[in-house]
Amino acid sequence: MQRIIGIVIIIALFWAGHWYWRFDANIAALQNWLGNDAKYDETITQRGFPNRYDTELTKFAVPAIGLKTDMIQIMRVVYKQDHRIIALPKDIKIFDTVLKTEQLRASIVADGTHLPRITIEAISPEFSNGLRADRAQLSFIATSQDSTFSLFIELNNLGSDKIANPQTQRATLHLTPERALDWSDLGRFIASLETPVSGRGSISDSQNSVTDIIVSGTLRNLQVKAETETSTDKLILLDTLGLK
């Protein structure tokens, strides 16, 4: 019995040492990725022992995209360096657009492809244009080892004061950027948002589907239209998604 207790103590001490040994490295890696493109308070809080690193940045801002918030949390489990969860405040301003939610989180998974798998989920979002939904999801998914990727958007029970019958609406867009998006640090990724993209996709709700969507523009300002005139009567879907 004493031998078992001794082994448990040794393992516990080893794990505690490993957690504290990686403590500063986790913060340093985050600071290196943010670079000079993000502003935040010098005091960084990190907790989560023994299984996680929960890093908290206060007075956080990214001027290039108009993001400013009191605090964000960046979380990961100790044994998964390639998967991070970002928790944002309920109310946030980005690209001069105010978004109000009950919960706003992002998941970033570096899976070895040219672009991490990024999923942003908002509960009960209210957009500045008057639209609201029960839930919204935006996902970036790399489709191959080259620069192409897919953008998936889903808005559950999307409605507004002007929409009598809220509906779930979805868009799937397959995009090819003029050059590969660069995720190596925050500044390069922000610059990538201005990269010209082209592609095709579809948009649907419970009653209609438009499958001949043409995409152009940049990720920051997507231009989306239907290819054929027969689809123009359904372009309200594009307006509602805010992509037209």
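That block above? That's the structure.
Cut-offs applied
Residue numbers run consecutively from 1 along every chain, following the written order of its sequence. With the structure being a predicted model, the display of local features is reserved for residues of pLDDT at least 70 and the display and counting of side-chain atom pairs for 80 or more, all residues being used for whole-chain, interface and lining totals. The basis for every side-chain value is the complete set of heavy atoms in the structure, and neither hydrogens nor water enter the calculation. Numbering of helices and strands runs from the N terminus, with a helix taken as a DSSP run of H or I at least four residues long and a strand as a DSSP run of E at least two residues long. Buried residues are those whose accessible area, probed at 1.4 Å on protein chains only, stays under 20% of the maximum for their type, while exposed residues exceed 50% and partly exposed ones sit between those limits. Note on contacts: a residue pair is in contact if any heavy atoms of the two residues lie within 4.5 Å. All accessible areas in this document rest on Shrake-Rupley with a 1.4 Å probe, and a residue is counted as covered only by the protein chains that are shown. If DSSP finds at least two bridges between two strands, the strands pair. Any pair of Phe, Tyr and Trp rings, taking the six-membered ring for Trp, is counted once the centres come within 6.5 Å. Such a pair is stacked with planes under 30 degrees apart, edge-to-face with planes over 60 apart, and tilted for the rest. Joining through side-chain atoms within 4.5 Å is the link that ties buried Ala, Val, Leu, Ile, Met, Phe, Trp, Tyr and Cys residues into a set, and such a set is a nonpolar core. Between Lys or Arg on one side and Asp or Glu on the other, a salt bridge is scored when a side-chain nitrogen of the former is within 4 Å of a carboxyl oxygen of the latter.

1. Brief notes about the overall build of the protein chain
Here is step 1: What the protein chain contains, in helices and strands, is three helices and 15 strands.
Here is step 2: Per-residue burial over the protein chain gives 39% buried out of 244 residues.
Here is step 3: In the protein chain, once contacts between residues fewer than 6 apart in sequence are set aside, the share between residues at least 24 apart is 41%.
Here is step 4: Put simply, the protein chain shows about 14,000 Å² of open surface, and 53% of that area lies on carbon and sulfur atoms.

2. Remarks on the pairing of strand E10 (residues 135–142)
Here is step 1: Examined bridge by bridge, strand E8 (residues 117–123) and E10 share six bridges and lie antiparallel to one another. Bridge pairing in E10 links Ile-123 to Arg-135.
Here is step 2: Where E10 lies against strand E11 (residues 149–160), eight bridges are found, and the strand directions are antiparallel. Each bridged residue has a counterpart across the sheet, and for Gln-137 the counterpart in E11 is Glu-154.

3. Looking at the pairing of strand E3 (residues 67–77)
Here is step 1: In this sheet, E3 lies alongside strand E2 (residues 52–62) in antiparallel orientation, the contact comprising 10 bridges. Within the sheet, the bridge partner assigned to Tyr-53 lies in E3 and is Arg-76.
Here is step 2: The pairing of E3 with strand E4 (residues 83–88) spans three bridges and is antiparallel. Within E4, the residue paired with Ile-74 across the bridge is Ile-86.
Here is step 3: As consecutive antiparallel partners, E3 and E4 are separated by five residues.

4. Regarding unusual backbone geometry
Excluding glycine, residues mostly carry a negative phi; peptide bonds, for their part, are mostly trans.
Here is step 1: Notably, Ser-124 is not glycine yet its phi reads approximately 55°, a positive angle.
Here is step 2: Take Ser-124: it is sitting in the loop between E8 and strand E9 (126–127).
Here is step 3: The class of Ser-124 is partly exposed, set by a relative accessible area of 31%.
Here is step 4: Backbone geometry at Asn-157 places phi at a positive 50°, although glycine is not the residue there.

5. Let's talk about the packing of aromatic side chains
By convention here, two paired aromatic rings are described through the distance between centres and the angle between planes.
Here is step 1: Under the criterion given, the structure shown has four aromatic pairs.
Here is step 2: Pairing Trp-33 with Trp-183 gives two aromatic rings, centres 5.0 Å apart and planes at 45°, and the pair type is tilted. Residue Trp-33 is found in helix H1 (residues 2–34), and its partner Trp-183 is found in the loop between strand E12 (163–177) and helix H2 (186–192); the two are separated by 150 residues along the sequence.
Here is step 3: Note on Trp-33: relative accessible area 23%, which makes it partly exposed.
Here is step 4: Centre to centre, the rings of Phe-140 and Phe-149 are 6.2 Å apart; their planes meet at 40°, and the pair counts as tilted. Each member of the pair Phe-140 and Phe-149 is classed as buried.
Here is step 5: Among the aromatic side chains, those forming a connected cluster through ring pairs are Trp-33, Trp-183 and Phe-189.

6. Description of the nonpolar core
Here is step 1: Core analysis: the largest hydrophobic core is formed by 48 residues, its most contacted members being Leu-57, Phe-60, Val-62 and Ile-213.
Here is step 2: With five residues, the top contributor of residues to this core is E11.
Here is step 3: Apart from the residues lying within four places of it in its own chain, the contact partners of Val-62 are Asp-37, Ala-38, Leu-67, Leu-186 and Ile-190.

7. A word on the pattern of salt bridges
Here is step 1: This model, assessed by the stated rule, comprises nine salt bridges.
Here is step 2: With its nearest N and O atoms 2.5 Å apart, the salt bridge here joins Glu-154 to Arg-170. Remark: Arg-170 occurs in strand E12 and Glu-154 occurs in strand E11; sequence separation between them is 16 residues.
Here is step 3: By relative accessible area, which is 36% here, Arg-170 ends up partly exposed.
Here is step 4: Linked through salt bridges whose partners overlap, the residues forming this network are Glu-121, Arg-135, Glu-154 and Arg-170.

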